[in-house]
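The chain contents come next:
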Amino acid sequence: MLPLFILVPLFCLILLNVPPKAIVKRPAFWLVAALPLVQVFLTAFHPVAVWDEIRNPFNSYFIFNLSVDALSTVLLLSIGIVVFIAALVGRYTLSGETQRFNFFNLLLVAFLGMNATVMVQDIFALYVFIEVTAVASFILIAMQKDKPALEGAFKYIILSVVATVLMLSSIALIVMAAGDTSFAAVSSAIRAYPASVLVKVAVNLFLCGLFIKAGIVPFHGWLPDAYSAAPSSVSVLLAGIITKVSGVYVLIRMVVTVFGIEQSPQAVLMFVGALSIVAGALAAIGQSDFKRMLAYSSVSQVGYIILGLGCGTPLALAGAVFHLFNHALFKTLLFVNAAAVQEKLGTVDMNKMSGLSVKMPVTGATSVVALLSTAGIPPLSGFWSKLIIAMALWQSGQYAYTIIAVLASVLTLAYFLSMQRRVFFGKLQEGLENLTEARLGLILPAIILAVVTVGVGLAFPIVLDKLILPVQNILK
Amino acid sequence: MSPDLTQVFWPFSAAAILLFVMGTYYVLVTFNLIRALIGVEILIKGATLLIILAGYVTGNTGLTQALVITLIVIEVVIMVVAGGVILCVYRNNKSIDVRELRSLKG
């Protein structure tokens, strides 16, 4: 059953490209939108245990093992949601049928790569699928071939290759120590020689590579450029899930399952997490570009996830994964709003807009939901995940980091309220009297995500119980 | 490690480290996009050499051969995409100087 999550998108990709383009161009959207929806349905309503029991005939063709645990389930669910939203946004913002068709194809490649990344059990296969996702996102960023997009894409490529080199060197050292690349072998080898210099260097190199991929503060240079220069539907995908999967998820997986919390530099993780929170928030305050501000906000929110991971207790881990899920929801929502604004105004410069809420009530209202959730205002979903992280930090005696995490929430609120006031509230900018609400294709994803954000916040005991707390079990 | 292995190990490691230093230096000093690409290519070569060395040290050459071939294929894909991006940059700017690529700030 599990290989189907990779093979079905691959098959669809072939299906889209073999027949003459004229036939498949129109149905491409429905195919690309249907696949992630099916995935959301499967992951949300069917327990993981059922999947493993279904015998699959593909096992003989795959030499790497796939497996799904609670962490992968959360990620598969988020991937499904965000890819669906990105497909919708892409359909209504990209111009030209050919460009849309290219977008859907690359979306499928990224979808396939991310699904595989969260399921593989082998560090080299992990690297391969991270790279598949990354290549799809390089092309997606540069798709419109304008100057900023090419600049953003090139920066991303160079830094991504540097991350790759760090990971590959680490894999080479791990193979020297363990003789194999499967998670189980690597994990036992690392636990067998905890004091070995080789192992320490390998672990740290891998973590550095992942810091680049996730855009943690000392290595975040590419992230605002790539997010703000990419087409809006691609920003949704990149900010919502790609960096989460290829950076943050892999970081959690490596630290928790493969390296083991004790062997990882916990102090470093917590420090860069806190640094990201503060530096990202401070940088976001000074931005006048809507998407760039959201990108820095992303850096800041990823900091919370890393801080929770560094703390290392089961509760902190659950909080980190919950925040990962929530962040995928509300950051996608904010980028959908940015896409709607960009679509109507043709710009994302916040100085050129004000009072849009009068003319675009739905976009304005959903943006309020997303920003309150990000800032951690009860009862929205972001509040609970931040609360869990702060509680876990306090319990394990990290008082300084707890205070930083809580105070940085105020900073988050500060830059988002400033954004909201400049863009959506206040008096309508002159010359925008004829502005109308974005079309249904862009409002619909915003409404869906806002409802899910509020729903997760209100029904959080159920979500926590069914989806998030099982994550603690991976911490053996 | 047997004496025979040690004889191979150090030259190989030295070569890999030399490639890393060269690649890093090249990426840092150049202003030319294609040269930057060549620099990162040298870096990946260093990593490839390390993987080959790992196979030799552990005696598991079959595994590392498979890894290296996969790695080469992926590397080619990345380089082709990067080359395409550079080509588009040239068509836009009529130059492949990094200093022209400074429009994104903040």
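Remember, predicted model here, so these are calculated numbers, not experimental data.

K.L.:
Just to check I follow, could you spell out the overall build of chain A for this structure?
P.N.:
Per the secondary structure count, chain A includes 21 helices and 0 strands. Relative to the globule expectation of 23 Å for 476 residues, the C-alpha radius of gyration of chain A, 21 Å, shows essentially globular dimensions. Seen through its C-alpha atoms, chain A measures out along the principal axes to roughly 70 × 60 × 45 Å. Looking at chain A as a whole, 63% of its 476 residues qualify as buried. The long-range fraction of contacts in chain A, counting pairs at least 24 apart against all pairs at least 6 apart in sequence, stands at 82%. Accessible surface, chain A as shown: approximately 16000 Å² in total, 68% of it carbon and sulfur. Charge-centre separation for chain A: the mean point of 27 positive side chains lies 4 Å from the mean point of 18 negative side chains.

K.L.:
Just checking my understanding: could you explain the interface of chain B and chain A for this structure?
P.N.:
Contacts between chain B and chain A engage 38 residues on the former and 35 residues on the latter. Summing the contributions of chain B and of chain A, the shared interface buries around 3100 Å²; its carbon and sulfur component is 80%. Summed over the shared surface of chain B and chain A, the result is 0 salt bridges. Joining chain B to chain A, the criterion identifies 2 residue pairs in polar contact (both at pLDDT 80 or more). Secondary structure elements with two or more residues in the side of chain B that touches chain A: α1 (3-29), α2 (33-58) and α3 (61-93) of chain B. Broken down by element, the side of chain B that touches chain A gets its largest block of residues, 16 residues, from α3(B).

K.L.:
Can you help me understand the packing of aromatic side chains in this one?
P.N.:
Aromatic ring pairs are described here by two measures, namely the spacing of the ring centres and the angle between the planes. Within this structure, the stated rule accounts for 15 aromatic pairs over all chains. With centroids separated by 5.8 Å and ring planes inclined at 50°, the aromatic side chains of A:Phe29 and A:Phe104 adopt a geometry described as tilted. With A:Phe29 in helix α3 (residues 28-45) and A:Phe104 in helix α6 (residues 97-117), this residue pair connects regions lying 75 residues apart in the sequence. The two residues A:Phe29 and A:Phe104 agree in class, both being buried. The interplanar angle of 85° and the centroid separation of 5.0 Å between the aromatic rings of B:Phe9 and B:Trp10 together place this pair among those described as edge-to-face. Look at B:Phe9 and you get buried, because its relative accessible area is 13%. An aromatic cluster is present here, built from A:Phe29, A:Trp30, A:Phe103 and A:Phe104 joined pairwise through their rings. For the cation-ring pair, A:Arg91 lies above A:Phe29, with the distance from its terminal atom to the ring centre recorded as 4.5 Å. Its end group placed over the ring of B:Phe31, B:Arg99 keeps NZ or CZ at 3.8 Å from the ring centre.

K.L.:
Quick question: what am I supposed to make of the packing of helix α1 (residues 4-17) of chain A against α6(A) here?
P.N.:
In helix packing, the relevant descriptors are the interaxial angle and the interaxial distance, both defined with respect to the helix axes. Residues and elements named next belong to chain A. Where α1 contacts α6, the two axes come as close as 8 Å, and the packing angle between them is 160°. In terms of orientation, α1 and α6 fall into the roughly antiparallel class. As for how α1 packs across α6, the hand of that crossing is left-handed. Counting all contacts with α1, which are made through Phe 5, Ile 6, Pro 9, Leu 10, Cys 12, Leu 13, Leu 16 and Asn 17, the residues of α6 involved are Phe 101, Asn 105, Leu 108, Val 109, Phe 111, Leu 112, Asn 115 and Ala 116. Considering only residue class, the contact of α1 with α6 consists of 13 nonpolar, 3 polar and no charged.

K.L.:
What am I meant to see in the confidence of the model for chain A here?
P.N.:
Reading fine detail from the predicted coordinates is not recommended where pLDDT is low. Per-residue confidence for chain A gives a mean pLDDT of 88, with 96% of residues at or over 70. Across chain A, the element-wise mean pLDDT spans from 62 in helix α4 (residues 48-53) of chain A up to 93 in helix α7 (residues 123-141) of chain A.

K.L.:
Sorry if this is basic, but what is going on with the pattern of salt bridges here?
P.N.:
Pairs may arise between side chains of opposite charge once their charged atoms sit close together. Tallied over the entire structure, the rule returns 9 salt bridges over all chains. B:Glu41 is paired through a salt bridge with B:Lys45; the nearest N and O atoms lie 3.5 Å apart. With B:Glu41 and B:Lys45 both in helix α2, this residue pair falls 4 residues apart, about one helical turn. Taking the relative accessible area as the measure of exposure, B:Glu41 reaches 22% and is therefore partly exposed. Linking B:Arg99 and B:Asp97 is a salt bridge whose minimum nitrogen-to-oxygen distance equals 3.0 Å. For B:Arg99, a relative accessible area of 45% gives the class partly exposed. Owing to a relative accessible area of 22%, B:Asp97 belongs among the partly exposed residues under this scheme. A cluster of three or more residues bridged by salt bridges with shared partners is formed by A:Glu151, A:Lys155, A:Asp225 and A:Arg292.

K.L.:
Sorry if this is basic, but what is going on with the domain arrangement of chain A here?
P.N.:
For interface size, the figure often reported is the accessible area lost on association. All names here are of chain A. In terms of domain boundaries, chain A breaks down into domain 1 (1-263) and domain 2 (265-476). If you average the C-alpha positions of domain 1 and of domain 2, the two centres end up 22 Å apart. Listed as interface residues are 46 residues of domain 1 and, on the opposing side, 46 residues of domain 2. When domain 1 packs against domain 2, the two sides together hide about 4000 Å² of surface, and 81% of this comes from carbon and sulfur. Three residues, Val 74, Tyr 92 and Ile 261, lead the burial of domain 1 against domain 2; their summed loss comes to 14% of the area buried on that side.

K.L.:
Just to check I follow, could you spell out the nonpolar core for this structure?
P.N.:
Nonpolar side chains in soluble globular proteins tend to end up buried together. All names here are of chain A. Within the largest apolar cluster, 208 residues are counted, with the highest numbers of intra-cluster contacts made by Ile 252, Phe 290 and Leu 356. With 19 residues, helix α15 (residues 314-345) is the single largest residue contributor to this core. Counting contributing residues, this core receives three or more from each of domain 1 (1-263) and domain 2 (265-476). What Phe 290 contacts, discounting residues up to four positions off in sequence, is Ala 338, Val 341, Val 348, Met 350, Met 419, Val 423 and Phe 424.

K.L.:
Looking at this structure, how should I read the packing of helix α8 (residues 147-178) of chain A against α2(B)?
P.N.:
Relative orientation of the contacting elements α8(A) and α2(B) amounts to 10°, with a least axis distance of 8 Å. Relative to α2(B), the element α8(A) is oriented roughly parallel. Side by side, α8(A) and α2(B) meet where A:Phe154, A:Ile158, A:Val161, A:Val165, A:Leu168, A:Ser169, A:Ala172, A:Val175 and A:Met176 of the first sit next to B:Leu33, B:Ala36, B:Leu37, B:Val40, B:Leu43, B:Ile44, B:Ala47, B:Leu50, B:Ile51, B:Leu53, B:Ala54 and B:Thr58 of the second. The class makeup of the residues in the contact of α8(A) with α2(B) is 19 nonpolar, 2 polar and no charged.

The rules we used
Residues numbered from 1 in each chain as written. Chains lettered and ligands numbered in written order. Predicted model: local features only at pLDDT ≥ 70, side-chain atom pairs only at ≥ 80, totals over all residues. Heavy atoms only, no water. Helix = DSSP H or I, 4+ residues; strand = E, 2+ residues; numbered from the N terminus. Rg over C-alpha atoms; globule rule 2.2 N^0.38 Å. Buried < 20%, exposed > 50% of the residue type's maximum accessible area, 1.4 Å probe, protein only. Contact = heavy atoms within 4.5 Å. Areas by Shrake-Rupley, 256 points an atom, 1.4 Å probe, with all protein chains shown as cover. Lys, Arg positive; Asp, Glu negative; His and termini not counted. Charge placed at Lys NZ, Arg CZ, Asp CG, Glu CD. Buried area = accessible area lost by both parts, 1.4 Å probe. Salt bridge = Lys/Arg side-chain N within 4 Å of Asp/Glu carboxyl O. Polar contact = N/O pair within 3.5 Å; in protein donor to acceptor, adjacent residues only side chain to side chain. Phe/Tyr/Trp six-rings, centres within 6.5 Å; stacked < 30°, edge-to-face > 60°. Lys NZ or Arg CZ within 6 Å of the ring centre and 35° of its normal. Axes fitted to C-alpha atoms, helices over the stretch in contact; angles between N-to-C directions. Parallel < 35°, antiparallel > 145°, perpendicular 65-115°, else oblique. Left-handed = near helix turned anticlockwise from the far one by under 90°. Nonpolar A, V, L, I, M, F, W, Y, C, P; charged D, E, K, R; others polar. pLDDT = per-residue confidence, 0-100. Domains from an automatic or database assignment. Core = buried A, V, L, I, M, F, W, Y, C linked by side-chain atoms within 4.5 Å.

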